[in-house]
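Here's the letter readout for the chains.
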Amino acid sequence: MTRMNAVGWFDIYVDQMERAEGFYKTVLGAEMEDMTDPTGETEMKSFVADMDAYGAAGALVKTLHAKPGPGGTQIYFSVDDCATHQARIEAAGGQVIRPKFSIGEFGFVTLAQDTEGNMIGFNSLK
């Protein structure tokens, strides 16, 4: 039996795709690409990913079936240093909620709100 990580994919819900895409491109330096929804009901932009690499891939999603905002699933982006990404958040239209803090042996975390009102985290070992 093949062991898998608990998360294989994630969706981040958005109200304005262009605004949200700009935020993630600026803060993460992420490449995004259009993604087709077979139902035609959802607008999607995926984070460019290698599906054979460690970690989960995902997309920004605009749909009538879910809305962005705090209190939902928490996504943590793995980065080299939270402080680097934290410095980009406000210029990209987001808000730092909790500046870089230690989580002991698991490194450091910065919590932020994106342009759509979603709470997101950045995790680094330094």
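As a reminder, the structure under discussion sits directly above these lines.
The following refers to the structure shown.

Analysis parameters
Residues numbered from 1 in each chain as written. Predicted model: local features only at pLDDT ≥ 70, side-chain atom pairs only at ≥ 80, totals over all residues. Heavy atoms only, no water. Pairing = 2+ DSSP bridges. Helix = DSSP H or I, 4+ residues; strand = E, 2+ residues; numbered from the N terminus. Axes fitted to C-alpha atoms, helices over the stretch in contact; angles between N-to-C directions. Contact = heavy atoms within 4.5 Å. Buried < 20%, exposed > 50% of the residue type's maximum accessible area, 1.4 Å probe, protein only.

## Quick notes on the sheet that holds strand β6 (residues 95-102)
Hydrogen bonds between backbone atoms are what pair the strands of a sheet, whose relative direction is either parallel or antiparallel.
Then, number 1: The 4 strands lie next to each other as β5-β8-β7-β6, forming an open sheet whose pairing is mixed. Looking at which strands have only one partner, the edges of the open sheet turn out to be β5 (75-78) and β6. Each adjacent strand pair in this sheet contributes to an overall mean axis angle of 20°, direction not counted.
Then, number 2: As defined by bridge partners, strand β7 (residues 108-113) adjoins strand β8 (residues 119-124) across 6 bridges and the pair is classed as antiparallel. Pairing of Val 109 across the sheet is with Asn 123, part of β8.
Then, number 3: Sitting on the sheet, helix α1 (residues 17-28) is in contact with β5, β7 and β8, with an inclination near 15° to β8.
Then, number 4: Helix α2 (residues 82-89) rests against β6, β7 and β8 of the sheet, and its axis sits at about 165° to β6.

## A look at the pairing of β5
Then, number 1: Covered by surrounding structure in β5 are Ile 75 and Phe 77 only, the residues Tyr 76 and Ser 78 on the alternate face being uncovered.
Then, number 2: As paired strands, β5 and β8 are joined by 4 bridges and run parallel to one another. Looking across to β8, one finds that Ser 78 is bridged to Asn 123.

Purely geometric numbers; function is a separate question.
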